[in-house]
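Chains, contacts and geometry: an overview
The residues making up each chain are set out below.
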Amino acid sequence: MEFLVILLGFIVTSTWLKDVDRFDDGWFARYQALMRGLASRLGLGAERAASVGLVLVYLGLLALTAVLEWAAGGVLYGLATMALHLLILLFAMDRTQPGKIASEFLALWNSGERSGCVDYLAEELGARETLDPGDGAGLVAQFKRLLTYRSFERMFMMYTLYVVAGASGVVIGYVSYQLRSELCAEREEALADRVDLLISLLEWLPLRLLGITFSLVGDFTRCASLLKSQLWRFESALQNSELLASWARASLGEDSSSPSEPSPHADCDEAAMGREIESLKDLLERSQLVWLVFVALITLLLV
């Protein structure tokens, strides 16, 4: 069933929901604030209440998922359970495919709207760094890094978690990423670091599997050479995004080192930058198809 659910999710997001905006995740901010508020009223110390609050955020949605799975069990010969899992996967995955995001950014880029590109990076991809509209190469490098990590976070991670732990695994991944984002926005660094550690543990294997996939669908020699020196490194979530971006650059035959510090009003070849974005989009889409094949093989072997 796992392969069929993932395949349906891929078809829905790449066709029916291809041009539809993301589902509104605004409810999660209210939900996590409610759960953490409940923990603070339990009469525990501040430190313990903060930890209990994080646990309650996870337990609340995991309990709801378990109840829904129990209610759907056996209904319509399993079709109700499949529909529930598909809905959970769609909600947690990126509802906008990489091609749609790349097309939107390229439209702004080709029109010369550098300020619009900066706003897009902040609003759509959550860029926290201060970006210079005059540094075109820096904007494209940042977009490519954020698009690669977001595709990993919303698609490849959710595929892996669903295959390994079912709908509950998807919920854990979704809650972790959303919670980290909310805690960072609230400047709760200590709590964000705890969630960050969990995310790093969850990401370790899928991140490397995606790096290997990049080598298979891109420049194998260059990417595999880089992977050999970095495969066993354990990094934080922020460094994971840089690590993944360097593997993507190597797979595309580009310089795999991190882009240099942006210089004010740096010149760049706009057409070449556009081609780089198109190449990255194609790489992510090819990798997604490869993962679907892998999931199908795993499903056949486990049946």
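Residues numbered from 1 in each chain as written. Predicted model: local features only at pLDDT ≥ 70, side-chain atom pairs only at ≥ 80, totals over all residues. Heavy atoms only, no water.

**With respect to unusual backbone geometry**
The backbone phi angle of Arg187 is positive, close to 60 degrees, even though this residue is not glycine. Tracing the backbone shows Arg187 in the loop between helix H7 (136-185) and helix H8 (189-217). A relative accessible area of 65% places Arg187 in the exposed class. (Helix = DSSP H or I, 4+ residues; strand = E, 2+ residues; numbered from the N terminus. Buried < 20%, exposed > 50% of the residue type's maximum accessible area, 1.4 Å probe, protein only.)

**Side note on the confidence of the model for the chain**
Of all residues in the chain, 89% have pLDDT values of 70 or greater, and the mean over the chain is 84. Mean pLDDT across the secondary structure elements of the chain bottoms out at helix H1 (residues 2-16), with 77, and peaks at helix H3 (residues 46-72), with 93. Per-residue pLDDT stays below 50 along residues 260-266; that stretch engages in 10 contacts with residues further than four places along the chain or on separate chains. (pLDDT = per-residue confidence, 0-100. Contact = heavy atoms within 4.5 Å.)

**What about the pattern of salt bridges?**
With the rule as written, the count across this model stands at 13 salt bridges. We note a salt bridge from Arg36 to Glu186, for which the minimum N-O separation is 3.0 Å. With a gap of 150 residues between them, Arg36 in helix H2 (residues 26-40) and Glu186 in the loop between H7 and H8 connect regions that are remote in the sequence. Since its relative accessible area comes to 37%, Glu186 is described here as partly exposed. Taking the shortest distance from any N to any O, the salt bridge between Glu254 and Lys144 comes out at 2.8 Å. (Salt bridge = Lys/Arg side-chain N within 4 Å of Asp/Glu carboxyl O.)

**Regarding the packing of H2 against H7**
At their nearest, the axes of H2 and H7 sit 10 Å apart, and the two run at 85 degrees to each other. In terms of orientation, H2 and H7 fall into the roughly perpendicular class. Across the interface between the two elements, Trp27, Phe28, Ala29, Gln32 and Arg36 from H2 touch Tyr174, Val175, Gln178, Leu179, Glu182 and Leu183 from H7. Across the contact of H2 with H7, the residue classes tally to 7 nonpolar, 2 polar and 2 charged. (Axes fitted to C-alpha atoms, helices over the stretch in contact; angles between N-to-C directions. Parallel < 35°, antiparallel > 145°, perpendicular 65-115°, else oblique. Nonpolar A, V, L, I, M, F, W, Y, C, P; charged D, E, K, R; others polar.)

**A few points about the layout of surface pockets**
In this structure, the largest pocket spans a volume of roughly 1000 Å³. Around the largest pocket, the lining is made up of 33 residues, and of these Leu125, Gly126, Arg128, Arg180 and Ser181 lie nearest the centre. Mapped onto the lining of the largest pocket, the elements with two or more residues apiece are H2, helix H6 (114-124), H7, H8 and helix H10 (237-251). Ranked by residues supplied to the lining of the largest pocket, first place goes to H7 with 13 residues. Taken together, the residues that form the lining of the largest pocket break down as 12 nonpolar, 5 polar and 16 charged. (1 Å grid on protein atoms, 1.4 Å probe; cavity = no way out; pocket = protein on both sides within 12 Å on 5 of 7 lines; lining within 4 Å. Points joined across faces, edges and corners; volume = space filled by probe spheres on them.)

**Topic: the side chain of Gln142**
As for its placement among the helices and strands, Gln142 is situated in helix H7. Engagement of the side chain of Gln142 in a polar contact is seen with the side chain of Arg145, the distance being 2.7 Å. (Polar contact = N/O pair within 3.5 Å; in protein donor to acceptor, adjacent residues only side chain to side chain.)

**Description of a nonpolar patch on the surface**
Taken together, Leu205, Leu209, Ile212, Leu216, Phe220, Val293, Phe294, Leu297 and Leu300 make up a surface patch of nonpolar side chains, about 850 Å² in accessible area. Taken together, the elements giving at least two residues each to the nonpolar patch come down to H8 and helix H11 (270-302). On the secondary structure map, Leu205 appears in helix H8. (Patch = residues over 30% accessible without salt bridge, like charges linked within 9 Å, V, L, I, M, F, W, Y side chains within 5 Å. Areas by Shrake-Rupley, 256 points an atom, 1.4 Å probe, with all protein chains shown as cover.)

**Concerning H7**
Counted at 1.5 Å a residue, the expected span for H7 with its 50 residues is 74 Å, but the 27 Å between its end C-alpha atoms falls short. The largest bend in H7 comes to about 140 degrees, at Ala165. Counted residue by residue, H7 has 39 buried out of 50 residues, so it is predominantly covered. One or two residues past the end of H7 sits Arg187, with phi positive at roughly 60 degrees. (Expected span 1.5 Å × (residues − 1). Bend = angle between axes of the 7 residues up to and from the residue.)

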